[in-house]
Amino acid sequence: MPLMRSMHLAKFVAEMVSSFTLSLSVLKTVDLNDITLLTPKRIMHFRILFEAILEYPENLVWNIFTRAAVTPELESFRQGLEFFIKEYIVKTNKDLTQKFKLAKRALNNVEGILM
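Residues numbered from 1 in each chain as written. Predicted model: local features only at pLDDT ≥ 70, side-chain atom pairs only at ≥ 80, totals over all residues. Heavy atoms only, no water.

Remarks on the packing of helix H2 (residues 40-54) against helix H4 (residues 75-90)
So, point 1. Orientation of H2 relative to H4, taken along the N-to-C sense of each, is 100°, at an axis distance of 10 Å. Here H4 runs roughly perpendicular to H2, going by the angle between their axes. For the pair H2 and H4, the contacting residues are Ile43, Phe46, Arg47, Phe50, Glu51 and Leu54 in the first and Leu81, Phe84, Ile85, Tyr88 and Ile89 in the second.
So, point 2. Partitioning the contact of H2 with H4 into residue classes produces nine nonpolar, no polar and two charged. (Axes fitted to C-alpha atoms, helices over the stretch in contact; angles between N-to-C directions. Helix = DSSP H or I, 4+ residues; strand = E, 2+ residues; numbered from the N terminus. Parallel < 35°, antiparallel > 145°, perpendicular 65-115°, else oblique. Contact = heavy atoms within 4.5 Å. Nonpolar A, V, L, I, M, F, W, Y, C, P; charged D, E, K, R; others polar.)

A look at helix H5 (residues 97-107)
So, point 1. Within H5, the full set of buried residues consists of Lys99, Phe100, Leu102, Ala103, Ala106 and Leu107. End-on view of H5: buried residues confined to an arc of 160°, all on one side of the axis. Of the exposed residues in H5, those oriented more than 90 degrees away from the buried face are Gln98 and Arg105.
So, point 2. Turning to H5, the residues buried within the fold contact H2, helix H3 (58-69) and H4. (Buried < 20%, exposed > 50% of the residue type's maximum accessible area, 1.4 Å probe, protein only. Arc of directions from axis to C-beta.)

Side note on the environment of methionine 1
So, point 1. Assignment of secondary structure puts methionine 1 in the segment before helix H1 (3-18).
So, point 2. It is 8.6 Å that separates the C-alpha atoms of methionine 1 and lysine 41, two residues lying 40 residues apart in sequence.
So, point 3. With residues near it in sequence (within four places) discarded, methionine 1 still touches Ser6, Leu9 and Lys41.

Concerning the packing of H3 against H5
So, point 1. Two elements in contact, H3 and H5, have axes separated by 7 Å at closest approach and are oriented at 35°. Remark: the crossing between H3 and H5 carries right-handed chirality. Along the contact surface, H3 presents Glu58, Val61, Trp62, Phe65, Thr66, Ala68 and Ala69, while H5 presents Lys99, Leu102, Ala103, Arg105, Ala106 and Leu107.
So, point 2. Looking at side-chain class alone, the contact of H3 with H5 contains nine nonpolar, one polar and three charged residues. (Left-handed = near helix turned anticlockwise from the far one by under 90°.)

Regarding the nonpolar core
So, point 1. Judged by nonpolar contacts, the single largest core of 36 residues is most densely connected at Leu24, Leu49, Phe50, Ile53, Phe65 and Phe84.
So, point 2. Of all the secondary-structure elements, those providing two or more residues to this core are H1, H2, H3, H4 and H5.
So, point 3. Once residues within four sequence positions are removed from consideration, phenylalanine 50 is found in contact with Leu24, Leu27, Leu32, Leu81, Phe84, Ile85 and Ile89. (Core = buried A, V, L, I, M, F, W, Y, C linked by side-chain atoms within 4.5 Å.)

The following block contains the structure:
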């Protein structure tokens, strides 16, 4: 997929997730833990997606990631999310460190308490 189309798709998915039309769990088939599957194009696509999500207000970020926390079957997906954001986003964009910490806490929010 051309980079521009990938960027638009990532931003569209971020908007759908932030409006709660889609859940992050739609990405559960993508193994974000396996660095052998993460090509540079895939990394760029998911960086754009997660950076767009992390730009939203804190309460919205909390609620987006909490939705993925309440399903026990998504444990490996949550680990993949945490790994990817830490390795490919926070290391290059220190401004998102606080939002990453919030998202990490929300991924462990098994009670599903929303803000």
